[in-house]
Protein chains: 2
Amino acid sequence: VDTVKRDLIRTALAGAGAIVLAPLAAGARVEGTGAPADGLPWKYTGLDPDATADRAYRAHRTGLGCCYGVFEGIIGQLREQFGAPYSGIPSELFAFGEGGIAGAATVCGALNGAAAAIFLTAGGTDEKKKARAFEMIREVFGWYEQEPLPDYRPGDAGSEVRRVAARSPLCHVSVSRWCEATGLKSFSKERSERCARMSASTARQAVRILNAERASSFVASHPLSSEVTSCRSCHDSGGVLEDTRTTMDCGVCHFSGETRHPE
Amino acid sequence: VDTVKRDLIRTALAGAGAIVLAPLAAGARVEGTGAPADGLPWKYTGLDPDATADRAYRAHRTGLGCCYGVFEGIIGQLREQFGAPYSGIPSELFAFGEGGIAGAATVCGALNGAAAAIFLTAGGTDEKKKARAFEMIREVFGWYEQEPLPDYRPGDAGSEVRRVAARSPLCHVSVSRWCEATGLKSFSKERSERCARMSASTARQAVRILNAERASSFVASHPLSSEVTSCRSCHDSGGVLEDTRTTMDCGVCHFSGETRHPE
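Residues numbered from 1 in each chain as written. Chains lettered and ligands numbered in written order. Predicted model: local features only at pLDDT ≥ 70, side-chain atom pairs only at ≥ 80, totals over all residues. Heavy atoms only, no water.

Draft legend 1. Summary view of the packing of helix α2 (residues 49-82) of chain A against helix α3 (residues 109-122) of chain A. Residue and element names in this part refer to chain A. For the pair α2 and α3, interaxial distance at closest approach is 6 Å and the crossing angle is 25°. The angle between α2 and α3 falls in the class roughly parallel. The way α2 lies across α3 gives a crossing that is right-handed. Taking contact as the criterion, the partners of C66, C67, V70, F71, I74, I75 and L78 in α2 are, on α3, G109, A110, N112, G113, A114, A116, A117, L120 and T121. For the contact of α2 with α3, the class distribution of residues is 12 nonpolar, four polar and no charged. (Axes fitted to C-alpha atoms, helices over the stretch in contact; angles between N-to-C directions. Helix = DSSP H or I, 4+ residues; strand = E, 2+ residues; numbered from the N terminus. Parallel < 35°, antiparallel > 145°, perpendicular 65-115°, else oblique. Left-handed = near helix turned anticlockwise from the far one by under 90°. Contact = heavy atoms within 4.5 Å. Nonpolar A, V, L, I, M, F, W, Y, C, P; charged D, E, K, R; others polar.)

Draft legend 2. Broad picture of the side chain of S174(A). You can see S174(A) is positioned in helix α5 (residues 171-182). Apart from residues no more than four positions distant in its own chain, S174(A) is found in contact with Y144(A), A166(A), S168(A), R194(A) and M198(A).

Draft legend 3. Main features of α5(A). With 12 residues, α5(A) should cover 16 Å at 1.5 Å per step; its first-to-last C-alpha distance of 16 Å lies within 8% of that length. Within α5(A), burial applies to C171(A), H172(A), V173(A), S174(A), V175(A), S176(A), R177(A), W178(A) and C179(A). Lining the buried residues of α5(A) we find α4 (127-146), α6 (189-214) and α8 (250-254) of chain A together with α8 (250-254) of chain B. Just beyond α5(A), the residue with positive phi is G183(A), at close to 75°. (Expected span 1.5 Å × (residues − 1). Buried < 20%, exposed > 50% of the residue type's maximum accessible area, 1.4 Å probe, protein only.)

Draft legend 4. The pattern of salt bridges, seen in detail. Summed over all chains, the structure comprises 26 salt bridges over all chains. E98(B) is paired through a salt bridge with K130(A); the nearest N and O atoms lie 2.6 Å apart. Linking E98(B) in the loop between α2 (49-82) and α3 (109-122) with K130(A) in helix α4, this pair reaches from one chain into another. Look at K130(A) and you get buried, because its relative accessible area is 8%. (Salt bridge = Lys/Arg side-chain N within 4 Å of Asp/Glu carboxyl O.)

Draft legend 5. Geometry of unusual backbone geometry. Between L149(A) and P150(A) the backbone carries a cis peptide bond, its omega angle lying at 5°. A cis amide bond links L40(B) with the next residue in sequence, P41(B), at an omega value of -5°. Structurally, P41(B) is set in the loop between α1 (3-14) and α2.

Draft legend 6. Up close: helix α7 (residues 226-235) of chain A. Turning to α7(A), its buried residues number three or more, namely V228(A), C231(A) and C234(A). Burial along α7(A) is one-sided: seen end-on, the buried residues are contained in an arc of 125°. (Arc of directions from axis to C-beta.)

Draft legend 7. View of the packing of aromatic side chains. Inspection of the entire model under this criterion finds 13 aromatic pairs over all chains. For the ring pair F94(A) and F94(B), a centre distance of 6.1 Å and an interplane angle of 5° mean the geometry is stacked. You can see F94(A) sitting in the loop between α2 and α3 and its partner F94(B) sitting in the loop between α2 and α3, one on each of two chains. In this pair, the class of F94(A) matches that of F94(B), namely buried. Ring centres 5.8 Å apart and planes at 40° place the aromatic pair F94(B) and F96(B) in the tilted group. For the residue pair F94(B) and F96(B), the accessibility class agrees, reading buried in each case. Aromatic rings pair up to connect F71(A), F94(A), F96(A), F71(B), F94(B) and F96(B) into one cluster. Over the face of the ring belonging to F187(A) we find R191(A), whose NZ or CZ atom lies 5.8 Å from the ring centre. (Phe/Tyr/Trp six-rings, centres within 6.5 Å; stacked < 30°, edge-to-face > 60°. Lys NZ or Arg CZ within 6 Å of the ring centre and 35° of its normal.)

Draft legend 8. Seen up close, the environment of C179(A). Locating C179(A) in the fold gives a position in helix α5. On a C-alpha basis, the gap between C179(A) and R197(A) in space is 15 Å, while along the polypeptide they are 18 residues apart. Beyond its immediate chain neighbours, meaning those up to four positions away, C179(A) contacts L184(A), K185(A), S186(A), R191(A) and D243(B).

Draft legend 9. Local environment of the side chain of Q77(A). In this structure, Q77(A) sits in helix α2. Setting aside chain neighbours within four positions, we find Q77(A) in contact with L47(A), A51(A), T52(A), R55(A) and E72(A).

Draft legend 10. Examining the packing of α2(B) against helix α6 (residues 189-214) of chain B more closely. Residues and elements named next belong to chain B. Direction vectors running N to C along α2 and α6 enclose 135°, while the axes themselves pass 7 Å from each other. As the angle between them shows, α2 and α6 are arranged oblique. Pair α2 / α6 crosses with right-handed handedness. Tallied by class, residues from the contact of α2 with α6 come to 13 nonpolar, six polar and six charged.

Draft legend 11. Fine view of the nonpolar core. Core analysis: the biggest nonpolar cluster contains 108 residues, and F94(A) and F94(B) have the highest contact counts within it. Mapped onto this core, the elements with two or more residues apiece are α2, α3, α4 and α6 of chain A together with α2, α3, α4 (127-146) and α6 of chain B. Other than its neighbours up to four places away in sequence, F94(B) contacts L93(A), F94(A), C67(B), Y68(B), F71(B), I89(B) and A116(B). Counting eight residues, the second-largest nonpolar core is a separate cluster that includes L170(A), V173(A), V252(A) and M248(B). (Core = buried A, V, L, I, M, F, W, Y, C linked by side-chain atoms within 4.5 Å.)

Draft legend 12. Structural view of the environment of Q146(B). Residue and element names in this part refer to chain B. On the secondary structure map, Q146 appears in helix α4. Residue class for Q146 comes out partly exposed when judged on its relative accessible area of 40%. Separated by 21 residues in sequence, Q146 and R167 have C-alpha atoms that sit 5.7 Å apart. Not counting residues up to four positions away in its chain, the partners in contact with Q146 are A165, H222 and P223. A polar atom in the side chain of Q146 sits 3.1 Å from the backbone oxygen of P223. (Polar contact = N/O pair within 3.5 Å; in protein donor to acceptor, adjacent residues only side chain to side chain.)

By themselves these figures say nothing about function.
See below:
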């Protein structure tokens, strides 16, 4: 990347004028939507991260997958602890997120389930609560993208599963990179085991973050890389191009020879 | 793409032996997960597609975004119609999906919300119900990727919003392609209006599919392209490489000059 050229473009385009944003008020209600009082966030008094990982792993292994696994790993405990309102949401709903939603391999279902669980227990519709929950969710995403995972091993499992940094929150990329690193097939039982452990790791990480927030000690520790920050300074909100939005690692698709299929 | 070369690789690798899949039984339950009887799918007796679109549009415009908009557009009506069990799930939970989940721009929140609503009203944990709901969800994904959208216009809106085929279920790509086609900014009020209409279109399409399924007339009409089918025959389940999984349009990232950033 020619940063000098990019800086020149940035400077030239900056003269085009400031971008005027007109966001709607978050949490504003419109007559007739008929939604009930949500009462978000729901009660959360702390969970054991390791017990959560075990439960998410077992839930995933029932056959209902990653998104169900993480949501059930966290919310299933709260349902047992508090009953209502948690008893109103069947974890089975989140089976839709399997394989990046019905197998489409978009967002990793473990992340989708973690995001839902975090928003339910720490989010809300007022702007401040929503923004804080989004920060926590993005920290789980950053952790998932940057750390070599899975870092969970079930008590009864003899063999180690190779840890690979997914570099992406997308099922497609996460699975591809793991298959490439291990030489194992994408529908092998080894990959299935890897994903069950990814669910366990992700549920545990979400609970660590929820616990930290509850103790007023949550600090995001997986920020965007300087490359991504540089890209976003032109292409994302407030940038001179402002022609996209994302927090994903730009390099994985846009600066990697891997993306382009050999002719 | 050199199809001859690809066919040679395919033939050569086919000799390596059949891939043995060992999926777990879907819906199998493991002791100690403590999940309640889910009772999925929940009652659904048909909804008006246009009323759903209007409601999703208005819900999105409250400021809680695409994922909330679609889920509330569909499920909000069922909550009013039936009360419990729908009253147990606050639509506000799905505000987590905004901007591709907390702004990360992974899966379009409209699709995430639609997938949840479809699974809740037509899915279930037994293998057959789950597979059928996944087929319906993938049809919404295919429609979203292939059709020029949004095809919804609110009654009180004077101006047309340019329709663009997203070619991807990802917020990042969907927004980028629309910005590129229109020359408008990704955080402009025009893009925000476009996304509110995307929520309306997507909720309407999901309800059309749910209604067709209820009338036993649902047939998927947005299958994978022949290119994607060809790619998947090597790279996806049962292929000789089997090194990834997805139903997304491979060409958008892997055969397009657009993906690679200019040096």
